[in-house]
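Residues per chain are reported as follows:
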Amino acid sequence: MEIPEKLLKFKYHFLSAFIFCLTLFAPRFLTILAYFWPLFLSTALFLFAVVVFGKTSLPGSDSQADKAGEGLLDYVAGQPDHAVESYPSEM
């Protein structure tokens with residue numbers, strides 16, 4: 001238990017060394033921004049399109065929207081509309 005206590009004495013030294021290394025070796029913010037600007041721009045345009053289409057689209061009737069995926073949900077849940085006959089195994 002004495003090793004963690006000794007290390008805690010130097011926690012500010014470790015923190016200052018870590019911050020010093022980050023300032024020397026980490027890339028600058030503008031470098032990161034210059035590298036990723038196409039990704040940031042495309043994400044912003046996509047989110048803008050989502051907001052615009054969300055505000056301009058007409059609300060659909062809820063009854064059709066609820067029944068549209070019921071067939072797929074029944075299929076995934078394993079509850080088909082009709083029972084499948086199993087074939088007897090040949091021995």
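Residues numbered from 1 in each chain as written. Predicted model: local features only at pLDDT ≥ 70, side-chain atom pairs only at ≥ 80, totals over all residues. Heavy atoms only, no water.

**Overview of the overall build of the chain**
Just so we agree on the cut-off: Working definition: helices are DSSP H or I runs of at least four residues, strands are E runs of at least two. Numbering for both runs from the N terminus. For each residue, the accessible area found with a 1.4 Å probe, counting protein chains only, is set against the maximum for its type, and the residue is called buried under 20%, exposed over 50%, and partly exposed in between. Calculation of accessible area relied on Shrake-Rupley with a 1.4 Å probe; when residues are assessed, cover is drawn exclusively from the protein chains displayed.
Across its full length, the chain carries 5 helices and 0 strands. Starting at the N terminus, the α and β elements of the chain follow one another as α-α-α-α-α. Relative to its full complement of 91 residues, the chain shows a buried share of 0%. On the chain, roughly 9500 Å² of surface is accessible, and the fraction owed to carbon and sulfur atoms is 71%.

**Observations regarding a nonpolar patch on the surface**
Applicable threshold: Patch definition: residues with relative accessible area over 30% and no salt bridge; like charges joined within 9 Å; nonpolar side chains (Val, Leu, Ile, Met, Phe, Trp, Tyr) joined within 5 Å. Any Lys or Arg side-chain nitrogen located within 4 Å of an Asp or Glu carboxyl oxygen qualifies as a salt bridge.
A surface patch of nonpolar side chains, amounting to about 870 Å² of accessible area, comprises Phe 29, Leu 30, Ile 32, Leu 33, Tyr 35, Phe 36, Leu 39 and Phe 40. With relative accessibility at 35%, the residue Phe 36 sits in the partly exposed group.

**What about the packing of aromatic side chains?**
What counts is decided by this rule: Only Phe, Tyr and Trp rings are paired, with Trp represented by its six-membered ring, and only when their centres lie within 6.5 Å; those with planes under 30 degrees apart are stacked, over 60 edge-to-face, the remainder tilted.
All chains considered together, the criterion is met by 2 aromatic pairs. On the numbers, 4.9 Å between centres and 90 degrees between planes, the contact of Tyr 35 with Phe 36 is edge-to-face. Of the residues examined, Tyr 35 reaches a relative accessible area of 66% and is grouped as exposed. Judged by centre distance (6.2 Å) and plane angle (45 degrees), the ring pair of Phe 36 and Phe 40 falls under tilted. Linking Phe 36 with Phe 40, this pair stays in helix α3 (residues 29-56), spanning 4 residues, or about one helical turn. Three or more aromatic residues joined by ring pairs form one cluster here, namely Tyr 35, Phe 36 and Phe 40.

**Here's the deal with the packing of helix α1 (residues 2-9) against helix α2 (residues 11-25)**
Selection rule: Interaxial angles span 0 to 180 degrees and are taken between N-to-C directions of axes, which are lines fitted to C-alpha atoms, for helices over the stretch in contact. Between 65 and 115 degrees an angle is taken as roughly perpendicular, under 35 as roughly parallel, over 145 as roughly antiparallel, and anywhere else as oblique. A contact between two residues is defined here by any heavy atoms of the two lying within 4.5 Å. Polar here means any residue other than Ala, Val, Leu, Ile, Met, Phe, Trp, Tyr, Cys and Pro, which are nonpolar, and Asp, Glu, Lys and Arg, which are charged; Gly is therefore polar.
Contact geometry for α1 and α2: axes closest at 4 Å, N-to-C directions at 55 degrees. As judged from the angle between their axes, α1 and α2 are oblique. On α2, the residues touching Leu 7, Leu 8 and Lys 9 of α1 are Lys 11, His 13 and Phe 14. Grouping the amino acids of the contact of α1 with α2 by side-chain chemistry returns 3 nonpolar, 1 polar and 2 charged.

**A closer look at the confidence of the model for the chain**
Keep this limit in mind: As a per-residue measure, pLDDT tells how confident the predictor is, with possible values from 0 to 100.
Confidence in the prediction of the chain, expressed as mean pLDDT, is 81, and 75% of residues score 70 or more. Looking over the chain, one finds the lowest element-wise mean pLDDT in helix α4 (residues 62-68), namely 62, and the highest in α3, namely 93.

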